[in-house]
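Here are the chains, one letter per residue:
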Amino acid sequence: MEVISKKQKAQAWLAQQQSKLQCPLCGKPFLVTETSLRCANGHTYDIAKKGYVNFCPQSKSSFYEKDLFTARGQVLQQGFYQPLLDKMVSLLTANLAAATCTHAAFCHTATATAGLSAATPTKTAPQTNSLSAATPTKTAPQTDCLSAAAPLPIVLDAGCGQGYYTAHLAQKLSSSYAFLGIDLAKEGILQAAFYPSCAQFALADLARLPLAPGSVAAILNILSPANFAEFARVLLQPGGLFIKVIPGPSYLQEIRALLGQNAYDNQETLAHSRAHIKRLQEEHLFYTLPIAPAQAAAFWQMTPLSGKKVLPQTAALTQITIDLHLLVGSL
Ligand SMILES: [Zn+2]
């Protein structure tokens, strides 16, 4: 099998999706070269050796950001958010099947994953996921990512962080969708680029997405700020799917308790989101899991709640509550 580099894979992905991309500065279409994207006005964005596109060359990584994403990566890789990942798979397959199913491969995927349920929390600490970005790898990307004859519909993970959901969803659904993860945090995208996945990643501002109007079949916005006007611009109309995940009142309540904080009040974010989402359906994920001391430290460090404070009593953090509110609809 021919081994291709991450940069070559990115170049092929971008060339195939070229008609759906546009310059975030001037809105002109791109010419995709081996090393960059270039618009008619000469704005040029490099494809990094690791395969991501840098639409924000001025962005810098900070030590604080690196620690935060490293801790978050540890928590994610240990499966604490697997139920949310499973839920996203079932929501995507159920909601996009009717809108975009055009070939047998997707129908097969949809059938195979229809039984996945995120609603059943486990009482034991979750297992480490097989697809690991925590350890930098020289593994070549999957070559079958590029086998599709025509450009696949894009699923955008807006505010993808270190790409956990983007990469894992791409692993399950890459025969039907092209996954694009975008974040403004450079450290997140640097870590995302380590995944040996079919997903494409880009460092970009959610307020200026490098995407043409109506170019995206679905937008995922998971525990990340939204820009509804920009999301509505790039989402396919009609038929585009939008999924937003926000914390519920009990989310990480054990950490809040250690910090002396009250339950999280999500009413303002909920009301704001509900006002923007059409044909709205809402779902709730709630589970509590035991955590070991090392996991407690990672949980503590991954959340901006704790700031730069040190975990005061590691032993006191022996379980963690995940409380998430999912809003599903269109824009
Ligand atoms: Zn331009």
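Residues numbered from 1 in each chain as written. Predicted model: local features only at pLDDT ≥ 70, side-chain atom pairs only at ≥ 80, totals over all residues. Heavy atoms only, no water.

We now examine the sheet that holds strand S1 (residues 30-32). Taking strand neighbours across the sheet as the criterion, the 3 strands line up as S1-S2-S3 in an open arrangement whose pairing is antiparallel. Either end of the sheet is taken by a strand with one partner, and the two such strands are S1 and strand S3 (44-46). If you compare each strand with its neighbour and ignore which way they point, the axes differ by 20° on average. Bridge count between S1 and strand S2 (residues 36-39): 3 bridges; the pairing is antiparallel. Note that in S2 the partner of Leu-31 across the bridge is Arg-38. (Pairing = 2+ DSSP bridges. Helix = DSSP H or I, 4+ residues; strand = E, 2+ residues; numbered from the N terminus. Axes fitted to C-alpha atoms, helices over the stretch in contact; angles between N-to-C directions.)

A few words on the nonpolar core. In terms of nonpolar packing, the biggest core is built from 61 residues, with Tyr-81, Leu-92 and Phe-299 touching the most fellow members. By residue number, the principal contributor to this core is helix H3 (residues 82-100), which donates 7 residues. Excluding anything up to four places from it in sequence, Tyr-81 contacts Val-75, Leu-76, Tyr-164, Tyr-165, Leu-223, Tyr-251, Leu-252, Tyr-287, Phe-299, Met-302 and Ile-322. By size, the runner-up hydrophobic cluster in this structure holds 37 residues, among which are Leu-14, Val-32, Phe-55 and Leu-180. (Core = buried A, V, L, I, M, F, W, Y, C linked by side-chain atoms within 4.5 Å. Buried < 20%, exposed > 50% of the residue type's maximum accessible area, 1.4 Å probe, protein only. Contact = heavy atoms within 4.5 Å.)

Assignment of secondary structure puts Asp-183 in strand S6 (residues 178-183). For the buried residue Asp-183, which engages in no salt bridge, the nearest side chain bearing the opposite charge is Arg-72, 7.0 Å off. Within polar-contact distance, the side chain of Asp-183 engages the backbone nitrogen of Ala-185 at 2.8 Å. If we ignore the near neighbours within four places in the chain, the residues touching Asp-183 are Gly-159, Cys-160, Gly-161, Ile-189, Ala-202, Leu-203 and Ala-204. (Lys, Arg positive; Asp, Glu negative; His and termini not counted. Salt bridge = Lys/Arg side-chain N within 4 Å of Asp/Glu carboxyl O. Polar contact = N/O pair within 3.5 Å; in protein donor to acceptor, adjacent residues only side chain to side chain.)

Another point: the sheet that holds strand S8 (residues 216-222). Taken in spatial order, the 8 strands of this open sheet run S4-S7-S6-S5-S8-S9-S11-S10, and their pairing is mixed. Of all strands in the sheet, those bounded by a partner on one side alone are strand S4 (53-54) and strand S10 (278-290). Relative to S8, strand S5 (residues 154-158) runs parallel, the two sharing 4 bridges. Paired with Leu-156 across the strands is Ile-219, a residue of S8. Packed onto the sheet, helix H9 (residues 267-276) meets strand S9 (241-247), S10 and strand S11 (319-330) and runs at close to 25° relative to S11.

Ideal values differ by geometry: the angle at a metal is 109.5 degrees with four tetrahedral donors, but 90 or 180 degrees with six octahedral donors. Each protein donor to the zinc ion is listed here as Cys-23 (SG), Cys-26 (SG), Cys-39 (SG) and His-43 (ND1); together their distances run 2.1 to 2.3 Å. Viewed at the metal, the 4 donor atoms of the zinc ion are separated by angles of 103 to 118°, and the geometry they form is tetrahedral. Donor residues for the zinc ion sit on one chain with the sequence pattern C-x2-C-x12-C-x3-H. For Cys-39, a relative accessible area of 4% gives the class buried. (Donors = N, O, S within 2.8 Å, 3.2 Å for Na, K, Ca; no water. Tetrahedral: all angles 85-135°; square planar, octahedral: opposite > 155°, others 65-115°.)

Attention now moves to helix H10 (residues 293-302). All of the buried residues along H10 are Gln-295, Ala-296, Ala-298, Phe-299, Trp-300 and Met-302. Where H10 is buried, its residues contact helix H2 (63-77), helix H8 (253-258), S10 and S11.

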